[in-house]
Amino acid sequence: MRYVSTRGQAPVLDFEQAMLSGLARDGGLYLPETIPVIEGLDRLDGLPYEEVAFRVIRPFTGDSFTDAELRGAVERAYARIAHDARAPLVQLAPGHHLLELFHGPTLAFKDFAMQLIAQLFQIALTRSGDRVTIVGATSGDTGSAAIEAFRGIDNVDVFIMYPHGRVSEVQRRQMTTPPAANVHALAVTGHFDDCQARLKDLFNDHAFRDTVGLAGVNSINWARVMAQIVYYFTATASLGMRPTDFCVPTGNFGDILAGSIARRMGLPIRRLIVATNQNDILYRALTQGEYRTGEVEPSISPSMDIQVSSNFERALYLAYGGDAGAIRQLMDELKAGGFTISQGALQTLREEYASGRVSEDETLETIRSVRARTGEILCPHSAVGVAVAERHLEPGVPMVTLATAHPAKFPDAVERAIGLRPALPPHMADLFDLPERMTRIENDAEALKSLILDRRTI
Ligand SMILES: *Cc1c(COP(=O)(O)O)cnc(C)c1O
């Protein structure tokens, strides 16, 4: 399987190279040159999650891993998800199901991809003897998942930038309490978008990139998107492989893009619904055709508080029919504040994606009403998804809303809604007793580079 950049000017890579590099050297994002179609969809129901994962992922990894290596990685990764079904589907109302993606070690869906890619990095780096420095930007959940997955893995240092004061206490503690010497939490003065912009600065400095063996595990990394395709298959299989709608709380567009790839692989997904909070650039882009960045307004669903949605570039590339020149042009215009999506591409995007935006009050009200009607306690991100899904329910078409985090990860918002703080699962009960370790850093690429050079353990 060959991987090409959305901007068309980076080397074509195999899976392992695309995974280890993250962002393409031309600033673009890697996508498989062709999307494989999966046979035997009707035989997936009832298989263990790991088996479905192996079948879905296998065509994408090409010659990079043997079957035995891939199976071993999948088994080890998902053994750490504390639910036998890994991604259980729970019925909320007739025809409306919640896909619980929060039973992993850091209580958000990010564990599904991060646990797997840590295993794949380990295999690849042990084989080559190479060492890499992973740098990531996080609005909270990617960072905790990355630190948890990569702590103690050989040949890897991990630096995670998060916006100082803008992540929940559980998220912060998950990043600052692991004692492993190879993981480093960096509190940046600024927003998530600043962290993401500094990350891009590092990747675009090719000399620095080569010196430290820079690798990225943000959702710009194709391997993350790939791992997230799997649960669309398990969910649709358990609903009988009927045409199904999916509603996805969306920030960087990685999780929902995985749904779009699943559909291209032959899965009967009818509509993908983008659910956003008040930071609604994607909603505006899909309804008005204008992708314009504004100021981030901090919300009670902080993992979606972003204005530049990295993986949307992949959706645009697909909607523009693989025209890398057009994508380069759009991304240049984005540097000056935004761009207009062409009529043809907008129509293609609208056929695939519906969207909705949810206010803070509606989010709280959804947490309240779902609790009252079903007993299920939603995290604020999942509540944004459920609120949008409820506007799009259609008789006879099952709806699956992705529950992206555990409510205990966002206890303040949940308490505001229902007056009680959900308890952390037992395996994390000591989180508030452990000592924290972090470095404060300015929103400055040069400061970041010297810190990384100084702190690397390898
Ligand atoms: C990361 C995250 C999202 C957004 O997912 P994207 O793939 O960035 O669109 C939504 N909810 C939670 C809890 C998250 O951690």
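- In the nomenclature of an unreviewed UniProt entry, the chain corresponds to Threonine synthase from the organism Paracoccus gahaiensis.
- Heading Cofactor (unreviewed entry) of the UniProt record for the chain holds this comment: "pyridoxal 5'-phosphate".
- Per UniProt, the comment on the chain under Sequence similarities (unreviewed entry) is "Belongs to the threonine synthase family."

Observations regarding the overall build of the chain
Logical step 1: Broken down by element type, the chain carries 18 helices and 15 strands.
Logical step 2: Projected onto its principal axes, the C-alpha coordinates of the chain cover approximately 55 × 50 × 50 Å.
Logical step 3: Expressed as a percentage of its 458 residues, the buried residues of the chain come to 64%.
Logical step 4: When contacts within the chain are restricted to residue pairs at least 6 apart in sequence, long-range pairs at least 24 apart make up 76% of them.

Remarks on the pattern of salt bridges
Logical step 1: Throughout the structure, instances matching the rule amount to 34 salt bridges.
Logical step 2: In this structure, the salt-bridge partner of Arg 55 is Glu 51, at a minimum N-O distance of 2.9 Å. Of this pair, Arg 55 and Glu 51 both sit in helix H2 (residues 49–61), four residues apart, roughly one helical turn.
Logical step 3: The exposure class of Arg 55 is partly exposed, given its relative accessible area of 37%.
Logical step 4: The network of salt bridges with common partners includes Glu 169, Arg 172, Arg 173 and Glu 436.

Focus: the sheet that holds strand S14 (residues 399–403)
Logical step 1: Across the sheet, which stays open at both edges, the six strands sit in the order S3-S4-S14-S9-S10-S13 with mixed pairing between neighbours. Two strands bound the open sheet, and with one partner strand each, they are strand S3 (89–93) and strand S13 (353–357). Between one strand axis and the next, the sheet turns by 25° as a mean value, whatever way the strands run.
Logical step 2: One ladder, built from five bridges, connects strand S10 (residues 269–276) with S13; its direction is parallel. Residue pairing across strands places Ile 273 opposite Ala 354, the latter belonging to S13.

Here we look at the UniProt feature "domain: Tryptophan synthase beta chain-like PALP" (unreviewed entry) in the chain
Logical step 1: In the numbering used here, UniProt assigns the feature "domain: Tryptophan synthase beta chain-like PALP" (unreviewed entry) to residues 99–324.
Logical step 2: End C-alpha atoms of residues 99–324 are separated by 34 Å, and the span's content is 45% helix alongside 18% strand.

Notes on the UniProt feature "domain: Threonine synthase N-terminal" (unreviewed entry) in the chain
Logical step 1: As annotated in UniProt, the feature "domain: Threonine synthase N-terminal" (unreviewed entry) corresponds to residues 2–78 in the numbering used here.
Logical step 2: For residues 2–78, the end-to-end C-alpha separation is 26 Å, with 42% helix and 8% strand making up the annotated structure.

Overview of the site of the ligand
Logical step 1: Neighbouring the ligand are 15 residues, the closest being Lys 110, Asp 141, Gly 251, Asn 252 and Thr 404.
Logical step 2: Contacts to the ligand include Lys 110, whose side-chain N or O atom sits 2.6 Å from an oxygen atom.
Logical step 3: In this structure, Thr 404 approaches the ligand through a side-chain N or O atom, which is 2.9 Å from a nitrogen atom.
Logical step 4: Considering only residue class, the shell around the ligand consists of five nonpolar, seven polar and three charged.

A word on helix H15 (residues 360–374)
Logical step 1: Taking 1.5 Å of rise per residue, 15 residues should cover 21 Å, and H15 covers 21 Å from first to last C-alpha, within 8% of that figure.
Logical step 2: When we look at burial in H15, the residues that qualify are Glu 360, Thr 363, Leu 364, Thr 366, Ile 367 and Val 370. Buried positions in H15, seen along its axis, are confined to an arc of 155° and lie on one side of it. More than 90 degrees from the buried face of H15, the exposed residues found are Asp 361, Ala 372 and Arg 373.
Logical step 3: Of the surrounding secondary structure, the elements contacted by the buried residues of H15 are S3, helix H16 (380–392) and helix H17 (411–418).
Logical step 4: One or two positions beyond H15, positive phi appears at Gly 375, with a value near 85°.

Things to note about the side chain of Thr 401
Logical step 1: Here Thr 401 is to be found in strand S14.
Logical step 2: For Thr 401, a relative accessible area of 0% corresponds to the buried category.

Points about the nonpolar core
Logical step 1: With 114 residues, the main nonpolar core has Phe 121, Phe 150, Tyr 232 and Phe 233 as its most contacted residues.
Logical step 2: Counting residues per element, this core draws most heavily on helix H9 (residues 222–238), which supplies 12 residues.
Logical step 3: Not counting the four nearest positions on each side in its chain, Phe 150 is found in contact with Met 114, Ile 117, Ala 118, Phe 121, Ile 134, Val 156, Val 158, Asn 182, Val 183 and Val 217.
Logical step 4: By size, the runner-up hydrophobic cluster in this structure holds 22 residues, among which are Phe 159, Leu 186, Ile 441 and Leu 451.

Observations concerning the packing of H15 against H17
Helix packing geometry: the angle between the two helix axes and the distance between the axes.
Logical step 1: Their axes nearest at 8 Å, the elements H15 and H17 cross at an angle of 65°. Put simply, H15 runs roughly perpendicular to H17. As for the relative orientation of H15 and H17, their crossing is right-handed in sense. Counting all contacts with H15, which are made through Leu 364, Ile 367, Arg 368 and Arg 371, the residues of H17 involved are Ala 413, Arg 416, Ala 417 and Ile 418.
Logical step 2: Among the residues making up the contact of H15 with H17, the classes are represented as five nonpolar, no polar and three charged.

Some remarks on the side chain of Arg 173
Logical step 1: In this fold, Arg 173 is placed in helix H6 (residues 169–176).
Logical step 2: On the basis of relative accessibility, which here comes to 11%, the residue Arg 173 falls in the buried class.

Here's the deal with the sheet that holds strand S5 (residues 132–137)
Logical step 1: Pairing is parallel across the open sheet formed by five strands, whose spatial order is S8-S5-S6-S7-S15. Of all the strands in the sheet, just strand S8 (214–215) and strand S15 (439–441) have a single pairing partner and so form its edges.
Logical step 2: Note: S5 against S8, two bridges, orientation parallel. Looking across to S8, one finds that Ile 134 is bridged to Ala 215.
Logical step 3: Each of strand S6 (156–163) and strand S7 (183–188) touches H6; the most contacted strand, S6, lies at about 155° to it.
Logical step 4: This element, helix H7 (residues 192–204), spans S5, S6, S7 and S8 of the sheet and lies at about 150° to S5.

How each quantity is defined
- Residues numbered from 1 in each chain as written.
- Predicted model: local features only at pLDDT ≥ 70, side-chain atom pairs only at ≥ 80, totals over all residues.
- Heavy atoms only, no water.
- UniProt positions renumbered as here; feature names shortened; annotations may be inferred.
- Helix = DSSP H or I, 4+ residues; strand = E, 2+ residues; numbered from the N terminus.
- Buried < 20%, exposed > 50% of the residue type's maximum accessible area, 1.4 Å probe, protein only.
- Contact = heavy atoms within 4.5 Å.
- Salt bridge = Lys/Arg side-chain N within 4 Å of Asp/Glu carboxyl O.
- Pairing = 2+ DSSP bridges.
- Axes fitted to C-alpha atoms, helices over the stretch in contact; angles between N-to-C directions.
- Near = heavy atom within 4 Å.
- Polar contact = N/O pair within 3.5 Å; in protein donor to acceptor, adjacent residues only side chain to side chain.
- Nonpolar A, V, L, I, M, F, W, Y, C, P; charged D, E, K, R; others polar.
- Expected span 1.5 Å × (residues − 1).
- Arc of directions from axis to C-beta.
- Core = buried A, V, L, I, M, F, W, Y, C linked by side-chain atoms within 4.5 Å.
- Parallel < 35°, antiparallel > 145°, perpendicular 65-115°, else oblique.
- Left-handed = near helix turned anticlockwise from the far one by under 90°.

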